Structure formats: structure tokens, C-alpha cells
Amino acid sequence: MMKRFLQAVLPCLLLTASALAQTRPILERRGEVAFGDERERVVAHRPVGADRLVLVGLKSVRVLDAGAAKYVSERVVAVPKLRYDNKWEISPDGRRMLVYKAYAFRLFGHSPASVWDLEKGGRVAELKTSKAVRSGLWSEDGRILATSSSDAAPEIRYESATEVNFWDGETFARKGSLPTDKVGWWYLTADGRKCFFTVGERVNAIIFKYTSGSEGPFTVWDIESGKAEQTIPASGGGDADRIRAAFVSPGEKYLALVAQPPKSEDVDRRLVVFEIEKGGGPRYELRQKYELRPGPLAEPYGAPFSPGAKLLAVGAGRRLHIYGAAGGEQRLDLPNAEAPTDWLAEDVYIVKTTRKLNAFDAATGKHLYGKDLIYVVSSQTTSQEIDGQRYDTTTETIEDETRIKAHPSHPVFVSYSKQFVQVFDTRTGELLQELVAPPTDPVKKKSTSDKPLVSEAGWSGDGRTLYVIDARGRTVTLWSLLDS
């Protein structure tokens, strides 16, 4: 049985009369550049360096100077034809691009992922793997490309077995893979030298087997040698302790592990924080700094560390504890508070669901503001009968949602969906400027069109420019920060 329906939440965000007023513009429209003709459109893009934006189309690659709003390079490069199941990952320097099928059908083999040269044109490598590549990422320096058979890299979502491979970022020779298919979580370091990973537990569900989250030890894997460099069961406990979660701070200064003794309760969990010492040699050293036992520690998710890695937020029962990340001293203890799902700035964290965003002061825990979010999904349910028992499987596709892009250093953030691009003050939640919005009935003050207007928005590497790619991928509008 097949059915398709649309579930929509009224886009309360940005549609009120106050939202239509521009109270304090901080961005100046720099210009708009076209991308190709009616047969060409942007299918992939990436900010490169301080002020460059690499735009990839079906027939060409262009490099845009975001500050000057003009192309500095244009070249004809025929990339694989756009398909609904194709994904792209551009290298940090904008020279190479990984292409793979995100929804590769697993039963009858798979097409190998490929790497394309965006300067010279053409395919330069074909990555042969035993499992289909369904996600990939580059190290920040571009020296290593990592691919995974899970579509949520580096997270793992209900995979029966996961293959993680590493490739040389220049020659694309295979450098090795993680030594287990029960990967619960993994993290590629910025310099591409190491991979942190945990081992999950195989769970037998009714229809299929899958690997649960992090259960086993934490391992530092050296990519060059293909060997484990350091293994941490959970400092302070026995080898059987379970690593329930792992987090690396921004800048890779700290590692936080949630450890739990076997057959124990949440109250027995503890947070162990290590300092990541890279030194001058090839070996990393993870040195324990402190251990926290805040109570019934929930399995954390989201972003425990603040953007500058100065604070560490931990949810324990119905309380939120905020510590200094360097020494573990408690800064705040809040009752009836949720742990951050993300941060807008060093002093502002947010708790975000699909339909609601709430912002809080990290120093006092004070609620700063709340915003409704757009969230529209389509659902499709399929049914199958196994041994006389009917099983329904529902898959959801996000048709539209509010996405948030915090500025790297200025106290503002961008909120955008398919129809809106707006800029807000990080501390107050005040609307500062509306850059894109659909036509509005002046009397009813409601949108008169649901036509998509935006596909992507984001900040340049130096944060001086905001770019907005239209829904068709044919124009890029650039806005300069006025006080930058």
C-alpha cells in the first residue's frame, strides 16, 4: 500500500508584521551574478579560502570572488549528469570532487564512487569498495578523503555493517580502512592523520540486524600505518566499561567520553575529559584532565562544547550543568533545563527541535528568546508481508525546513528556508534584516505565493560576505557585512 501526504507546520517564523520590518540593516547588497543559461545550474558549491566560492554546474565550474561579486575563473568541466540519487563533496581547496550515489541499492552490487578534477576536467579516480559509498568527507587540509557505507557520516544510523575507507587526497590510492564493521561513531581529524572511532553493539531486530551507538572502547587509529595508536576503555573503570558517547571539541583541543559500567543505571555514568596533544611528531597523546559525575547523566547529543571550546554543557536528569572546559569547574547548575543542541556564540546556546528554537544565555541560563521554525515533510509508507505478518515501513523526506547559519565572529545569525532569508541578532533574537521573502498581501499580511526562492545560503570563509543561491541554482546574490 502506498500513500503520500504532506505534513506542514505554519511558517510562523518570519511571517508576522514585525518580521517584515527591517529595523537595523547590517548587510549591504554587493551584487548578483548569473550562473550559466537555462540548461545550466549550480548543483554543488563550497566556500574556499577567505573569500572564494566554488560553484559546480552540470557543464562548468566557476570560482566566484565573494567580496567583489565577480568570477575570477570559469572553465568547462562536464560532471556526471544530475540525478536525484547523486551526491557531491568538494575538497577544501576546491580542486577535486567526490561523486557517489547516496541511495545506492544494496542487493545487486553498486556503482563505485568517483573523484573528478575540477580544474582540468574529467574523472581522475574510481574508488572500489566492497560496500557502496553512501557518504564521504575530506580532512580540512585535503590530504585524506574518507568514505563510508553509512549515509550519515560520520554518524552511524541503524547499519548492519559499516565500512569506512581512507584515500590519499592527491593520488586517491586506498590507504586502508577501520578494522571493524561494527563502527558506532567515527571522527576524521583536521590534519587527516588520525581517525577516532568507537565500536558499537550488534542488535537483532525483528527484520534485520543493526549496530547500536557507541558501546566499545575508544580508539585512536593512525591512518598512515593502519594501526591502533591508543585505546581508551574508560579511565577510572574496568575494561568492560561501555563508552556511550564521544565528542571532540571545536579546534580538536578536548575529547569528552561518556562512560558507563555494565549493567548499571544512568546515575553511574560519568564524563571523562581528555586533552588532545598533537605535538610535533606523528603520534597523538590523549591525556585525561578530569572526570565529572553530575548524577543521572543522559546520553548527550548535539554540541556539548561551545564554539571556542571554553564551555562544556552536560544534561543530568532534569538539570543542566555548564563547566569550564579547561578545568571542569562548574559555572552553572540549572534545574528543569535541557542540554544544548547547538551554539550560536560562545555565550549563547540553543535547544532546537524541528519546529522550535529557544536561545539561552550560557552564563546565567536565562531564556533569551524563542522562534517557531518551518518544517514540512512528505511521507511514504510501504507494506510487506513476512511469514504472514504485515510490516509497514514509512520513509520521510524533508521538503522544507528552517536552517540556521551562525556568523563565525559577529553576533548575528542567518535563518533561511526555501522562501526566506533573514538576519537576526544573536543575543536578542531581533530581526535585523529580511533579504528574501515571497510576495505578501499588504492587507492580510500573508504570503501570496509558495514558490521556492532559495536553495542555499551561507557565509564566506572570512565571514565578510553572505551568499544566497536561488531555488533554480541560476543566480548567486552577495551581501557584504557593513561593519566588517
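Residues numbered from 1 in each chain as written. Predicted model: local features only at pLDDT ≥ 70, side-chain atom pairs only at ≥ 80, totals over all residues. Heavy atoms only, no water.

Chemist: Describe the overall build of the protein, with residues and values.
Modeler: Helix and strand content of the protein: 0 helices and 38 strands. Taken across its 484 residues, the protein has 49% of its residues classed as buried. Once local pairs closer than 6 in sequence are excluded, the contacts in the protein between residues at least 24 apart make up 45%. Counting only carbon and sulfur atoms, one obtains 49% of the accessible surface of the protein, whose full area is about 23,100 Å². (Helix = DSSP H or I, 4+ residues; strand = E, 2+ residues; numbered from the N terminus. Buried < 20%, exposed > 50% of the residue type's maximum accessible area, 1.4 Å probe, protein only. Contact = heavy atoms within 4.5 Å. Areas by Shrake-Rupley, 256 points an atom, 1.4 Å probe, with all protein chains shown as cover.)

Chemist: An account of unusual backbone geometry is needed here, citing residue identities and associated values.
Modeler: Of note, phenylalanine 172 is a non-glycine position whose phi angle comes to about 65 degrees, a positive value. Of note, phenylalanine 172 is situated in the loop between β13 (164–168) and β14 (174–177). What makes phenylalanine 172 buried here is its relative accessible area of 6%.

Chemist: Residues and numbers for the packing of aromatic side chains, please.
Modeler: By the definition in use, this model includes 11 aromatic pairs. Judged by centre distance (6.4 Å) and plane angle (10 degrees), the ring pair of tryptophan 185 and tyrosine 187 falls under stacked. Residue classification places tryptophan 185 among the buried residues on the basis of a relative accessible area of 8%. Ring geometry for tyrosine 187 and phenylalanine 196: centres 5.9 Å apart, planes at 20 degrees, overall stacked. Given a relative accessible area of 21%, tyrosine 187 falls into the partly exposed group. A network of ring pairs unites the aromatic residues Trp185, Tyr187, Phe196, Phe218 and Tyr284 as a single cluster. The lysine or arginine in question, arginine 62, covers the ring of phenylalanine 35, its NZ or CZ lying 5.0 Å from the ring centre. (Phe/Tyr/Trp six-rings, centres within 6.5 Å; stacked < 30°, edge-to-face > 60°. Lys NZ or Arg CZ within 6 Å of the ring centre and 35° of its normal.)

Chemist: Would you mind going over the sheet that holds strand β29 (residues 367–372) in detail, with residue names and values included?
Modeler: Sheet architecture is open: 4 strands sit in the order β26-β27-β28-β29, paired in antiparallel fashion. Strand pairing shows two members of the sheet lacking a second neighbour, β26 (342–345) and β29, which therefore form its edges. Each neighbouring strand pair of the sheet contributes to a mean axis angle of 25 degrees, computed without reference to strand direction. The sheet contact formed by β26 and strand β27 (residues 348–352) spans 3 bridges and is antiparallel. Residue pairing in the sheet places aspartate 342 in a bridge with isoleucine 350 of β27. (Pairing = 2+ DSSP bridges. Axes fitted to C-alpha atoms, helices over the stretch in contact; angles between N-to-C directions.)

Chemist: Now, about the confidence of the model for the protein: what can you tell me, with residues and values included?
Modeler: Per-residue pLDDT for the protein averages 85, and the proportion of residues at 70 or more is 87%. In this model residues 1–22 is a low-confidence stretch, pLDDT under 50, and it forms 59 contacts with partners more than four residues away in sequence or in other chains. pLDDT under 50 marks residues 104–108. Its contacts with residues more than four places away, or in other chains, come to 4 contacts. (pLDDT = per-residue confidence, 0-100.)

Chemist: Please set out the nonpolar core residue by residue, giving values where relevant.
Modeler: If you look at the biggest cluster of nonpolar residues, it comprises 17 residues, and the most contacted ones within it are Leu27, Val421, Leu435, Leu466 and Val468. Not counting chain neighbours up to four residues away, the residues in contact with leucine 435 comprise Leu27, Val421, Val423, Leu466 and Trp479. (Core = buried A, V, L, I, M, F, W, Y, C linked by side-chain atoms within 4.5 Å.)

Chemist: For the sheet that holds strand β4 (residues 52–57), give the residues involved together with the corresponding values.
Modeler: The 4 strands lie next to each other as β3-β4-β5-β6, forming an open sheet whose pairing is antiparallel. The open sheet is flanked by β3 (42–48) and β6 (70–76), the only strands paired with a single partner. Each neighbouring strand pair of the sheet contributes to a mean axis angle of 15 degrees, computed without reference to strand direction. Bridge count for strand β5 (residues 60–65) against β6 is 6 bridges, and the pairing is antiparallel. When the sheet's bridge partners are listed, arginine 62 is paired in β6 with glutamate 74.

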